[in-house]
Amino acid sequence: MVPLHSCRKHAMSTFVNELQQPIGAPLPAWTTRPRPERISLQGRYCRLEALDAHRHAGDLYHAYAQAPDYRGWTYMVHGPYADAASYRVYAEQAAQSMDPLHFAVIDLRSGRAVGTLALMRVDPAHGAIEVGHVMFSSSLQRTPVSTDAQFLLLRHAFETLGYRRYEWKCDSLNAPSRQAALRLGFQFEGVFRQASVYKGRSRDTAWFSIIDSEWPALRAAFLQWLAPDNMLADGLQRQSLAALRERCRLSF
């Protein structure tokens, strides 16, 4: 192993070792990151609570049952559920897991759970973590509540836990998920072909990520988008998240 003091910065903004081989940037202060825990995160439009089947399963099944069909479950590794009892069995099992660590999204207006998402594939040694198992009900999709929920987990991962990399993965055929990742500021990294098998079919997996150096600009964009003065009475926003992301990127 090359000592850190033997590394020097190359003119092309890369680092080289004593053999003049390009190497990654030194991280002399890096330490293993803590694992996420069962906590609550308070936002402007929602609260994230560690999933509890007793408290949340009934509301969640009711919210999901409002959809006109089961298309929301097509790209999930589980579901759909025929009744509240079968969903509760799943929720009880999911609530016991620490990886994935599932959270219920509580709409502050109604006080009810309207969706779930999870932190998963936690890699404390390398500072990588993934958001997944995103199942938002029809009442939650494309609302400030859904964006607030994603923002709360992002902020927790980067600012509280100190992770370096935040991942989003989905079936490459899942167009809504891919569009959501790009809207939120994730960078597309590529497709892993035949990465897994689920529900009796093959899955190519699309990979997206946000890294810690990108977070300050994204954080500023989220805060501006979520601000009350950006919200119009008809549920629309004065400025899109994409426009705010670009503006903040240029200012950072």
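Whatever comes next refers back to the structure up there.
Residues numbered from 1 in each chain as written. Predicted model: local features only at pLDDT ≥ 70, side-chain atom pairs only at ≥ 80, totals over all residues. Heavy atoms only, no water.

Caption draft 1: Fine view of the nonpolar core. Leu48, Val105, Leu153, Tyr166 and Phe186 are the most contacted members of the largest nonpolar core, which totals 46 residues. Membership of the second largest hydrophobic core comes to 17 residues, among which are Ala57, Tyr64, Tyr87 and Ala95. (Core = buried A, V, L, I, M, F, W, Y, C linked by side-chain atoms within 4.5 Å. Buried < 20%, exposed > 50% of the residue type's maximum accessible area, 1.4 Å probe, protein only.)

Caption draft 2: View of a nonpolar patch on the surface. On the surface, Leu182, Phe188 and Val191 cluster together into a nonpolar patch covering about 250 Å² of accessible area. As for its position among the elements, Leu182 is in helix H4 (residues 175–184). (Patch = residues over 30% accessible without salt bridge, like charges linked within 9 Å, V, L, I, M, F, W, Y side chains within 5 Å. Areas by Shrake-Rupley, 256 points an atom, 1.4 Å probe, with all protein chains shown as cover. Salt bridge = Lys/Arg side-chain N within 4 Å of Asp/Glu carboxyl O. Helix = DSSP H or I, 4+ residues; strand = E, 2+ residues; numbered from the N terminus.)

Caption draft 3: Broad picture of the layout of surface pockets. Quantified by volume, the second largest pocket comes out at close to 210 Å³. Lining the second largest pocket are Gly185, Gln187, Glu214, Ala217, Leu218, Arg245, Glu246, Arg249 and Phe252. Elements that contribute at least two residues to the lining of the second largest pocket include exactly helix H5 (215–226) and helix H6 (241–251). A per-element tally of the lining of the second largest pocket places H6 first, with 3 residues. Split into classes, the residues belonging to the lining of the second largest pocket amount to 3 nonpolar, 2 polar and 4 charged. (1 Å grid on protein atoms, 1.4 Å probe; cavity = no way out; pocket = protein on both sides within 12 Å on 5 of 7 lines; lining within 4 Å. Points joined across faces, edges and corners; volume = space filled by probe spheres on them. Nonpolar A, V, L, I, M, F, W, Y, C, P; charged D, E, K, R; others polar.)

Caption draft 4: Summary view of the pattern of salt bridges. The final tally for this structure, using the stated rule, is 13 salt bridges. Two residues, Arg165 and Glu167, come together in a salt bridge whose shortest N-O distance is 2.6 Å. Members of the salt-bridge network, linked through shared partners, are Arg121, Glu130, Arg165, Glu167, Lys169 and Glu189.

Caption draft 5: Empty space enclosed by the protein, seen in detail. Applying the stated criterion across every chain yields a total of 1 cavity of 30 Å³ or more. If you go around the largest cavity, the residues you meet are Trp73, Met76, His78, Tyr87, Tyr90, Thr116, His133 and Met135. Among the elements of the structure, helix H2 (84–95) and strand S8 (128–136) are those that each provide at least two residues to the lining of the largest cavity. By residue class, the composition of the lining of the largest cavity is 5 nonpolar, 3 polar and no charged.

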